[in-house]
Amino acid sequence: MIGRLTRRQLLALTAAGTTAMTFGSRLAFAQTGKTLRTRAYSDIQILDPAYRLAQPEGDVMEAIYTRLISFKPGDSWGWELDGAEKIEQTSPTTVDFTLKPGIMFTNGFGEMTAEDVKFSYERIADPKTESPYKDDWANLDHVEVKDKYSGTIVLKKPFAPLWSSTLPSGSGAIMSKAAVTKAGGRFEASPPATSGPYTIKEWQPKQRLVLVPSPDWKGEKPAFDEIVIMPIDDEKAAELGFQAGEIDFTSTSVSAIPNYLKSPPANAKFVRKPSLAYVWMGMNQDNPALSDQKVRRAIQHAIDVPAVLEAAYFGAAEPSTGIVAPGLIGHREKNLYSYDPEKAKELLKEAGKEGGMELTLSVLNKQEFVNAAQAVQAQLPEVGITVTIQQYDSGTFWVLGDEKTGTTWKDIQLIIGRFSMQPDPSFATAWFTPEQIGVWNWERFNSPEFGELHVAALSETDDAKRDVMYKKMQDLMEESGDYVFLTHEAVGTLASDKINAAIRPDGIALLSKFTAN
């Protein structure tokens, strides 16, 4: 049973933990009034939609930027009008839209126009921008401006993910052309202008980010006077914060889901959602220790995935077969390689590693990932591999494989990763193409066939054909020896009974749509 904790107990427990929490400075913050206090699993770094890094930034962008359409909360996927007064697919390659009049940018940058839509979408698609999200607009030819509020999105060819994962996501955010241009073409954590119902009041790195209603917002009045977002890496610590009454909404650890289903905290609502995210153990094929595919294949055979998940999630997460979750086009029913330590030993002998070898395993210092790493560390000695675990905070971990940040990408050997998802398989495969090597493809998996299939599947509108293509792509990933697929997890959320939480079908919060009871 999960009991309710006092503030003193909370502070004692978090002080004893390994995760750096700084609730002390937050405890005196708004306890009354229409303030929503939420937790993010990491701090923001970049709020430029073209260069965003992680879901917590997406959560903030959802509240401060306007898109043509936005995701609807609920149990089934759908969208609703956001900045668009109307929008219609008029042919396989054209989408007509008309903006609502009166959507204002902050900081004096005026009213949103079709020219801003053109700038925003063409900017991400332009190779010169070097946006990691350019595939979200891979088939964009141009945006034709008809008048102040109207235009046409013109595609080079049909684009399957347009309505499900491009227009309603961060890549669909409409930025002020004048503001971004004045900022030099790009920005990081300080947007030169926002356009959503909320705007940023203050950001104290690693402490909190505070949103307040935008003074320029002409739409329905936002529900809260403030939204305080606290970066807390460790979900267990966030759960303690919720139980102490310091947080109104948080996702929970996966391992806690069974307990919360049986006994949710008082005055709270617990919701379990299927997750689209994926967790895997990757192997850097360009690291000398792992350059032999037989070594990587041996490790695939040496990992008992259900045992790893039991250690990490206490039975609350199911094994995955790839990076595409059940229910989406391209989901595989089974893996290619199974747990077989004797086969692993044979392969290591063929690779000349029968005398043993040492490897490092890099992991985010989140308890469930650390537990998973420790399970891997306990299993691999059976085949003669000794593993040293290297833990990192989120700010350091999420740039380890980025070539532009430094040379740590060369030192990565084994790594446990987790990526968030949008409801289209292309958003999963986009990060493992040859073009993503040194960006988000940290295994440096280099398959031209995979890259070609990814591009082709973006334009394929026959679901049956797309299904075959995405399954083949995951086969190629596994055949490379670079990946051990672990789980899609599950998402648990705790919400105070003082609020109505707006959540996507995969458990992602839509902060601008939260309301107060």
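Just above, that's the structure.
Worth saying up front: this structure is predicted, and the values here are computed from it rather than measured.

Cut-offs used in this document
Residues numbered from 1 in each chain as written. Predicted model: local features only at pLDDT ≥ 70, side-chain atom pairs only at ≥ 80, totals over all residues. Heavy atoms only, no water. Helix = DSSP H or I, 4+ residues; strand = E, 2+ residues; numbered from the N terminus. Expected span 1.5 Å × (residues − 1). Buried < 20%, exposed > 50% of the residue type's maximum accessible area, 1.4 Å probe, protein only. Contact = heavy atoms within 4.5 Å. Pairing = 2+ DSSP bridges. Axes fitted to C-alpha atoms, helices over the stretch in contact; angles between N-to-C directions. Parallel < 35°, antiparallel > 145°, perpendicular 65-115°, else oblique. Left-handed = near helix turned anticlockwise from the far one by under 90°. Nonpolar A, V, L, I, M, F, W, Y, C, P; charged D, E, K, R; others polar. Polar contact = N/O pair within 3.5 Å; in protein donor to acceptor, adjacent residues only side chain to side chain.

**Q** Help me understand helix α11 (residues 367-379) in this model?
**A** Side chains of residues three or four places apart in an α-helix project in the same direction, reflecting 3.6 residues per turn. Under the 1.5 Å per step criterion, the end-to-end length of α11 is 18 Å for 13 residues, consistent within 8% with the ideal 18 Å. For α11, every residue scored as buried is listed here: E368, F369, V370, N371, A372, A373, A375, V376 and Q379.

**Q** So what exactly am I meant to see when it comes to helix α2 (residues 55-64) here?
**A** Burial runs high along α2: 9 of the 10 residues are buried. Along α2, the positions that sit buried rather than exposed are Q55, P56, E57, D59, V60, M61, E62, A63 and I64. Turning to α2, the residues buried within the fold contact β1 (35-40), β2 (66-67), β10 (198-204), β11 (208-213) and β12 (226-231).

**Q** Whenever I open this one, the sheet that holds strand β5 (residues 84-91) confuses me. Can you help?
**A** What links the strands of a sheet is backbone hydrogen bonding, and the strands pair in either a parallel or an antiparallel sense. Pairing in this open sheet of 4 strands is antiparallel, and the strands run β5-β6-β8-β7 from one edge to the other. The open sheet has two free edges, formed respectively by β5 and β7 (140-145), since each of these has just one partner strand. Ignoring which end each strand starts from, the neighbouring axes of this sheet average 20 degrees apart. As defined by bridge partners, β7 adjoins strand β8 (residues 150-155) across 5 bridges and the pair is classed as antiparallel. For L140, the partnering residue across the bridge sits in β8 and is L155. Its contacts with the sheet place helix α3 (residues 114-125) against β6 (94-99), β7 and β8, and it is angled at close to 170 degrees to β7.

**Q** Explain the pairing of strand β15 (residues 278-283) here, please?
**A** The side chains of a regular strand alternate between the sheet's two faces. In terms of burial, β15 is largely enclosed, as 6 of its 6 residues are buried. The side-chain alternation of β15 yields two buried faces, one formed by Y278, W280 and G282 and the other by V279, M281 and M283. Pairing geometry for β15 and strand β18 (residues 414-419), over 6 bridges, is antiparallel. In the sheet register, Y278 faces β18, and the bridge partner there is F419. As judged from the 4 bridges shared by β15 and strand β19 (residues 483-487), these two strands associate in the antiparallel manner. Looking at the pairing, V279 lines up with T487 of β19.

**Q** How should I be thinking about the packing of helix α8 (residues 293-302) against helix α10 (residues 341-350) in this particular structure?
**A** When two helices pack together, their arrangement is given by the angle between their axes and by how far apart the axes lie. The N-to-C vectors of α8 and α10 enclose an angle of 165 degrees; their axes lie 8 Å apart at closest approach. With respect to their mutual orientation, α8 and α10 come out roughly antiparallel. The handedness of the crossing between α8 and α10 comes out as left-handed. From α8, K294, V295, R297, A298, H301 and A302 reach across to α10, where they touch P341, K343, A344, L347, L348 and E350. Residues that form the contact of α8 with α10 fall into these classes: 7 nonpolar, 1 polar and 4 charged.

**Q** What should I look at first to understand the side chain of T94 in this one?
**A** Structurally, the position occupied by T94 is in strand β6. At a separation of 2.7 Å, a polar atom in the side chain of T94 contacts the side chain of T90. There is a polar contact of 2.6 Å between the side chain of T94 and the side chain of S91. In this view, T94 contacts E88, Q89, T152 and I153; residues no more than four positions away in its chain are not counted.

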